[in-house]
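Next come the chains, spelled out residue by residue.
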Amino acid sequence: MMSYIAHGLSEKDINNIVKYIRDFEGGPYPYKKYDTKSAIIKVDSPYSLEETISNVKDAILGKNFKLIRTQQVNKGLVENGKENNNQVIIYFCNFNFLNKALAIDPRVGMFLPCRITVVQSEGKVSIMATNPLNLASFFNNKELNEVCEEMHDIYTELLEEASL
Amino acid sequence: MRTTKVTMNIFLFLLLTSTAFTSFAEDLIMMRIKQTFPETMVNLQSAIKQTGYKISRVQRVDIGLTKSGFKTDKYRVVFYGKADEVNQLSIKHPDIISFLPLKISIFAENNETIILTTNPMQLKRFFKDIPDGTFSRWYKDINTIFDLTNTLD
């Protein structure tokens, strides 16, 4: 069969068609047990910013993830020393998990590495992460949905553990 | 054989012109660049700067994977933003922080390179208190960055 690129379709068009056709399957959506209406998963922490960051790191290590780095949100964008220390990102990864996800669809890498953000605003400390289930909807791929569900559960557990 | 081909073409035409298709056609913004990874990486970083943004970091996903024993082609994530914008948005709308700084993934596929990111317009429905102009400007800038990356020598 002749490639549809040869018929004049762009790769983007083809990807969109594949996604559209997959929708005919009638799901894996909707998720019944999950909240897909929120862009983020967020909890308030009863601890100080420093304690919360430490708790998040402990929780990440406890789940066999590797800490990659901790940095302020605006690091690299502002002069050294002028970063906002009240907004801290903790990047982490499980390379086995990452390798599995990339093997399903290399485009999933744009949601990586895993990230939890700790923010102190108006005296209140919050822990947040992007909701992976919203990302899953971009692909409509059952295997990726399972990965995103797993990631959603991991994020939820990490946030709960760090704020307990 | 010819009938099948014509039918398929009609089917694809209908798909491409349907309203339903358009509504979720751009969850992801992706472009295949017919250049090698190193060339595209240089052009991408240059395009980001030319569009008025600063690169805050390049995450070398492939290095981490390789060190952990997994075989992978080149895969990086480029983080970028504008300091003032990130500062203002993150203070006024703390929930958007999880999506900042902005990022573009870049990975090699044989002798070509793919760049992609999520469509920032997808965030609009979650952050109704952020002026629409922010997301549409990001969208426009991403398209400019992608086009520049594709055309720079």
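That block above? That's the structure.
Colleague: Tell me about helix α6 (residues 132-151) of chain B, and name the residues and values.
Modeller: All names here are of chain B. The terminal C-alpha atoms of α6, which comprises 20 residues, lie 29 Å apart, in line with the 28 Å expected from a rise of 1.5 Å per residue. The set of residues buried in α6 consists of Thr134, Phe135, Trp138, Asp141, Ile142, Ile145, Phe146, Leu148 and Thr149. Down the axis of α6, the smallest arc covering the buried residues is 165°, so these residues share one side. When the buried face of α6 is taken as reference, the exposed residues oriented beyond 90 degrees from it are Lys140 and Thr151. Taken together, the buried residues of α6 touch β1 (28-33), α3 (37-50), β3 (75-81), α5 (83-92), β4 (102-109) and β5 (112-118).

Colleague: Outline the sheet that holds strand β2 (residues 54-60) of chain B, supporting the account with residue identities and numerical values.
Modeller: All names here are of chain B. Strand order in the open sheet formed by five strands is β1-β5-β4-β3-β2, and the pairing between neighbours is antiparallel. Each end of this open sheet is capped by a strand with a single partner; those strands are β1 and β2. Neighbour to neighbour, the strand axes of the sheet diverge by 20° on average, direction disregarded. Strand contacts of α3: β1, β2, β3, β4 and β5, with the helix running at about 160° to β4, the strand carrying the most contacts.

Colleague: Please give an account of the packing of aromatic side chains that cites residues and values.
Modeller: Residues and elements named next belong to chain A. Scanning the entire structure with this criterion turns up seven aromatic pairs over all chains. With a centroid separation of 6.2 Å and 90° between ring planes, the pair formed by Phe92 and Tyr155 is classed as edge-to-face. Placement of Phe92 in strand β3 (residues 87-93) and of Tyr155 in helix α5 (residues 142-163) is noted, with a sequence separation of 63 residues between them. On the basis of relative accessibility, which here comes to 0%, the residue Phe92 falls in the buried class.

Colleague: Account for the environment of Leu112 of chain A, naming residues and giving values.
Modeller: Residue and element names in this part refer to chain A. When you line up the elements, Leu112 lands in the loop between α3 (95-104) and β4 (114-121). Relative accessible area serves as the criterion here: at 9%, Leu112 is assigned to the buried category. Separated by 19 residues in the primary sequence, Leu112 and Cys93 have C-alpha atoms spaced 8.0 Å apart.

Colleague: I'd love a proper account of a positive patch on the surface, names of residues and values included.
Modeller: On the surface, a cluster of positive charge is made up of Lys66 of chain A together with Arg57, Arg60 and Lys67 of chain B. On the secondary structure map, Arg57 of chain B appears in strand β2.

Colleague: Can you tell me about the pairing of β3 of chain B, naming the residues and giving the values?
Modeller: All names here are of chain B. The buried fraction of β3 amounts to seven of the seven residues, a majority that puts the element mostly inside the structure. The alternating pattern of β3 places Tyr75, Val77, Phe79 and Gly81 on one face and Arg76, Val78 and Tyr80 on the opposite face, and all of these are buried. Pairing of β2 with β3 involves six bridges; the strand directions are antiparallel. Residue pairing across strands places Gln59 opposite Val77, the latter belonging to β3. In this structure, β3 lies alongside β4, joined through six bridges in antiparallel fashion. Each bridged residue has a counterpart across the sheet, and for Tyr80 the counterpart in β4 is Leu102.

Colleague: Just give me the short version of the sheet that holds strand β2 (residues 66-72) of chain A, but keep the residues and values in it.
Modeller: Residues and elements named next belong to chain A. Across the sheet, which stays open at both edges, the five strands sit in the order β1-β5-β4-β3-β2 with antiparallel pairing between neighbours. Since the sheet does not close on itself, it has two edges, and those belong to β1 (40-45) and β2, each with one partner. If you compare each strand with its neighbour and ignore which way they point, the axes differ by 20° on average.

Scoring rules and cut-offs
Residues numbered from 1 in each chain as written. Chains lettered and ligands numbered in written order. Predicted model: local features only at pLDDT ≥ 70, side-chain atom pairs only at ≥ 80, totals over all residues. Heavy atoms only, no water. Helix = DSSP H or I, 4+ residues; strand = E, 2+ residues; numbered from the N terminus. Expected span 1.5 Å × (residues − 1). Buried < 20%, exposed > 50% of the residue type's maximum accessible area, 1.4 Å probe, protein only. Arc of directions from axis to C-beta. Contact = heavy atoms within 4.5 Å. Pairing = 2+ DSSP bridges. Axes fitted to C-alpha atoms, helices over the stretch in contact; angles between N-to-C directions. Phe/Tyr/Trp six-rings, centres within 6.5 Å; stacked < 30°, edge-to-face > 60°. Patch = residues over 30% accessible without salt bridge, like charges linked within 9 Å, V, L, I, M, F, W, Y side chains within 5 Å. Areas by Shrake-Rupley, 256 points an atom, 1.4 Å probe, with all protein chains shown as cover. Salt bridge = Lys/Arg side-chain N within 4 Å of Asp/Glu carboxyl O. Lys, Arg positive; Asp, Glu negative; His and termini not counted. Charge placed at Lys NZ, Arg CZ, Asp CG, Glu CD.

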